[in-house]
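In case you want the letters, here they are:
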Amino acid sequence: MTTDDGIHLRLTQAAQRLSRRVSRLTFGDPVTHVYNPLSYAWSLHEQYLRMARQSCRVLMLGMNPGPWGMAQTGVPFGEVSMVRDWLMIRGDVRVPRGEHPKRPILGLRCARSEVSGRRLWGLMKDEFEQPERFFQSHFIINYCPLVFMEAGGRNRTPDKLPSAERDKLESICDEHLASVLRCGAWEHVVGVGVFAERCLQRALASMGVTKSGSISCSRILHPSPASPAANQDWAGKARQQLCEAGIWS
């Protein structure tokens, strides 16, 4: 692992390459609209990447942007008020090409709140109080940077794509995840949900890191309101899982 202080530069270069590569992909029915916030919300995403510190030891991974979170703010799990008022990230986003009429991009002016992002970043705010304390040891990214929507505006997650499309996307995202794992001296990687945990396990295996290796891999419950378990004290359950994994005390 690297030891210099340029982790945010390496993450920035990796994100730019990821954005270029996924932008070349095409997707068919039932997906009709695809957003890439690493493109139209790059200025906000870059501000977020600059918060990474070489002292980070815990990497948390989500699946892909939500329509009211990262799709608006360019920040993983980027619930608007948390991004604007706690992370103190400011700026404008462009209107994506081929905007869905039911899913407008309003950036930090968006009045909708993404529950998953409010829960996840809310837990980090409660635990660390100040974002600087969080970023001294933790960082959060998404596996896939794209938002997929159907004709009616319904969100479609990457695991629901046709196999041929999914395989091409996963190949690119797996390479990016491996590059992120090489960017820092991570000791713990945490999947936010089962899908993300499996992506981490696959990336670690490709790097020759086993369960007994220098990086531990664990999972916390995804904070989505679509999960009944997440709607009953999600923060308490996630905190317990992080303690059981030896990440928090």
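Here the structure is shown first, and the text comes after it.
Throughout what follows, the structure given in this document is the object of discussion. Note that this is a predicted model, so its numbers are computed, not measured. (Residues numbered from 1 in each chain as written. Predicted model: local features only at pLDDT ≥ 70, side-chain atom pairs only at ≥ 80, totals over all residues. Heavy atoms only, no water.)

1. Some words on the pattern of salt bridges
At step 1: For the structure on display, the rule yields 9 salt bridges.
At step 2: Arg-21 is the partner of Glu-175 in a salt bridge, and the nearest nitrogen-oxygen pair spans 2.9 Å. On the criterion of sequence distance, the pair formed by Glu-175 in helix α8 (residues 163–183) and Arg-21 in helix α1 (residues 7–23) is long-range, its members being 154 residues apart.
At step 3: Look at Glu-175 and you get partly exposed, because its relative accessible area is 39%.
At step 4: With a shortest N-O distance of 2.6 Å, Arg-219 and Glu-197 are connected by a salt bridge. You can see Arg-219 sitting in strand β7 (residues 216–220) and its partner Glu-197 sitting in helix α9 (residues 194–206), a full 22 residues away along the chain. (Salt bridge = Lys/Arg side-chain N within 4 Å of Asp/Glu carboxyl O. Helix = DSSP H or I, 4+ residues; strand = E, 2+ residues; numbered from the N terminus. Buried < 20%, exposed > 50% of the residue type's maximum accessible area, 1.4 Å probe, protein only.)

2. Side note on the sheet that holds strand β3 (residues 138–142)
At step 1: The strand order β3-β2-β6-β7 describes an open sheet built from 4 strands, whose pairing is parallel. The two strands at the open ends of the sheet, each matched to only one other strand, are β3 and β7. On average, adjacent strands in this sheet sit at an angle of 25° to one another, irrespective of strand direction.
At step 2: The pairing of strand β6 (residues 188–192) with β7 spans 5 bridges and is parallel. Residue pairing across strands places Val-190 opposite Ser-218, the latter belonging to β7.
At step 3: In this fold α8 packs onto β2 (58–62), β3 and β6, with an angle of close to 165° to the strand it touches most, β2.
At step 4: Along the sheet, helix α10 (residues 234–244) contacts β6 and β7; its crossing angle with β7, the most-contacted strand, is approximately 165°. (Pairing = 2+ DSSP bridges. Axes fitted to C-alpha atoms, helices over the stretch in contact; angles between N-to-C directions. Contact = heavy atoms within 4.5 Å.)

3. Points about the packing of α1 against helix α3 (residues 42–49)
At step 1: Contact geometry of α1 with α3 gives a least axis separation of 9 Å together with a crossing angle of 145°. Between α1 and α3 the crossing geometry is right-handed. When α1 is examined against α3, the residues His-8, Leu-11, Thr-12, Ala-15 and Gln-16 are found in contact with a partner set consisting of Trp-42, His-45, Glu-46 and Leu-49.
At step 2: Residue composition of the contact of α1 with α3, grouped by class: 4 nonpolar, 4 polar and 1 charged. (Left-handed = near helix turned anticlockwise from the far one by under 90°. Nonpolar A, V, L, I, M, F, W, Y, C, P; charged D, E, K, R; others polar.)

4. Things to note about the packing of α8 against α9
At step 1: Following both chains from N to C, one finds α8 and α9 inclined at 70°, their axes separated by 9 Å at the closest point. In terms of their interaxial angle, α8 and α9 are classed as roughly perpendicular. For the pair α8 and α9, the contacting residues are Glu-170, Asp-174, Leu-177 and Leu-181 in the first and Phe-195, Cys-199, Leu-200, Arg-202, Ala-203 and Leu-204 in the second. (Parallel < 35°, antiparallel > 145°, perpendicular 65-115°, else oblique.)

5. Points about the layout of surface pockets
At step 1: By volume, the largest pocket is sized at about 670 Å³.
At step 2: At the level of elements, α6 (115–128), α9 and β7 are the ones that each hand at least two residues to the lining of the largest pocket.
At step 3: For the lining of the largest pocket, the leading source of residues is α9, giving 3 residues.
At step 4: Here the lining of the largest pocket is composed, by residue class, of 15 nonpolar, 14 polar and 2 charged.
At step 5: Its volume calculated, the second largest pocket comes out at about 440 Å³.
At step 6: Along the walls of the second largest pocket sit 19 residues, with Val-34, Tyr-35, Asn-36, Pro-96 and Arg-97 positioned nearest its centre.
At step 7: Every element with two or more residues in the lining of the second largest pocket is listed here: α1, β1 (31–35) and α2 (37–40).
At step 8: Broken down by element, the residue count for the lining of the second largest pocket peaks at 5 residues, all from β1. (1 Å grid on protein atoms, 1.4 Å probe; cavity = no way out; pocket = protein on both sides within 12 Å on 5 of 7 lines; lining within 4 Å. Points joined across faces, edges and corners; volume = space filled by probe spheres on them.)

Limitation: the analysis is restricted to geometry and does not speak to function.
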